[in-house]
Amino acid sequence: MFNVIVRDTYDEVSSEAFKVMKEVVRKKNAVLGLATGSSPIGLYKKMIADHHSEGTSYKEIRTWNLDEYTGIPHTHDQSYYTFMHENLFNHIDIPEENTHVPCGEGDDLEQNCRDYEKSMEDVIVDIQVLGIGSDGHIAFNEPGTPFDSLTHIMDLTEQTRQDNARFFDNDIDQVPTHAITMGLASIMRARKIVLIATGANKADAVYGMIHGPITTDCPASILQAHPDVTVVLDPAAAAKL
Ligand code: F6R
C-alpha cells in the first residue's frame, strides 16, 4: 500500500523521508536497509544533522546496504562502500561492525551472495530506503528479475550504466557492467519502505510502480504488494500520476 507524498523541493522531499526514518531510529536497536545513489543523500544529511543536534545515537543500530558494483575495489571512490562511509557512516556513531555492504570483490561472487544472504538470515529490516531507476529497477534488480530473487549478481542494463555515467566522468565505459544486489524477495521482507524519487526521468518508472501492472518488466511494481510503502516525490517525478 502506497502513501504518496509530493513536495516542491529536494530539501522538503528529504525532510519527509527523514520523518519516517526518525520514527524508526528512535528505537535504539533498529535495523536499517540503506540505498546509495543521489536520491537518499539529502535524507542522510538530515540524519547526520539530527545526530549532531539531537544526539540521536546509532551505536546499537545495524545496517544492510542494497548493492555494490563488482569489478572495482571497495576502496574505489565510486564504490558503494565508499559512498556509505562518505555520506553517512563516517559522520554518525555507528560501529563499523554494525554496517554491511555486499562485497563485489574476489573470485567467487556467488559465494559472496550466499554470505550476504546468510548475514541477513535472522534479521528483519525495520525500514528499507529505496531509490528507483529510470527503468523501474530497485536496488540493482533490473527488468526481468524474478520476484522471488535473493542476493544475486546482475548484468546492469545500458540505460542504468548511462544513467550512472555521471558518477564516472560521464564515461559509460568506466561504469561497471555488473553488480551484486539484494533480491526483490529480500527487499519485500522489510517492515516498512521509504522510496525517494525526484526529476522528470523518474516519472515513467514511478507511474509504472504505482499504477502499472505488477510485472517483472517494472521491478518496482512488486511494491504494490507491500503493506507499508511511503513514496516521496518532487512534482517532476510525480508528473504522470
Ligand atoms: C542504489 C540503488 C539504485 C538506485 C537507483 C536510483 O543503492 O539501489 O536502485 O536507487 O539507481 O539512483 P539515483 O538515486 O542516483 O537516481
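Here is a short report on the structure shown in this document. (Residues numbered from 1 in each chain as written. Predicted model: local features only at pLDDT ≥ 70, side-chain atom pairs only at ≥ 80, totals over all residues. Heavy atoms only, no water.)

Let us now look at empty space enclosed by the protein. Taken as a whole, this structure holds one cavity of 30 Å³ or more when the rule is applied. In this structure, the largest cavity spans a volume of roughly 90 Å³. Taken together, Met120, Val123, Ile124, Val125, Gln128, Met182, Ser186, Ile187, Arg189 and Ala190 make up the full set of residues lining the largest cavity. The class makeup of the residues in the lining of the largest cavity is seven nonpolar, two polar and one charged. (1 Å grid on protein atoms, 1.4 Å probe; cavity = no way out; pocket = protein on both sides within 12 Å on 5 of 7 lines; lining within 4 Å. Points joined across faces, edges and corners; volume = space filled by probe spheres on them. Nonpolar A, V, L, I, M, F, W, Y, C, P; charged D, E, K, R; others polar.)

Taken in spatial order, the seven strands of this open sheet run S1-S10-S9-S6-S2-S3-S5, and their pairing is parallel. Looking at strand neighbours, the two that pair on one side only are strand S1 (2-6) and strand S5 (99-100), the edges of this open sheet. Taken together, the two bridges between strand S3 (residues 62-65) and S5 define a ladder with parallel strand orientation. Each residue of the ladder has a partner; that of Trp64, found in S5, is His100. Seen against the sheet, helix H1 (residues 10-25) touches S1, strand S2 (31-34), strand S6 (127-130), strand S9 (193-197) and strand S10 (229-233) and runs at an angle of roughly 155 degrees to S10. (Pairing = 2+ DSSP bridges. Helix = DSSP H or I, 4+ residues; strand = E, 2+ residues; numbered from the N terminus. Contact = heavy atoms within 4.5 Å. Axes fitted to C-alpha atoms, helices over the stretch in contact; angles between N-to-C directions.)

Attention now moves to the packing of aromatic side chains. Scanning the model with the defined rule gives four aromatic pairs in all. Pairing Tyr69 with Phe168 gives two aromatic rings, centres 5.7 Å apart and planes at 80 degrees, and the pair type is edge-to-face. Here the residue Tyr69 occupies a position in strand S4 (residues 67-69), and Phe168 occupies one in the loop between helix H5 (158-164) and strand S8 (178-181), the gap between them amounting to 99 residues. Geometrically, the ring pair formed by Tyr80 and Phe140 is stacked, given 6.0 Å between the ring centres and 20 degrees between the ring planes. You can see Tyr80 sitting in helix H3 (residues 80-87) and its partner Phe140 sitting in the loop between S6 and strand S7 (152-155), a full 60 residues away along the chain. By relative accessible area, which is 8% here, Tyr80 ends up buried. You can call Phe140 buried: its relative accessible area is 3%. (Phe/Tyr/Trp six-rings, centres within 6.5 Å; stacked < 30°, edge-to-face > 60°. Buried < 20%, exposed > 50% of the residue type's maximum accessible area, 1.4 Å probe, protein only.)

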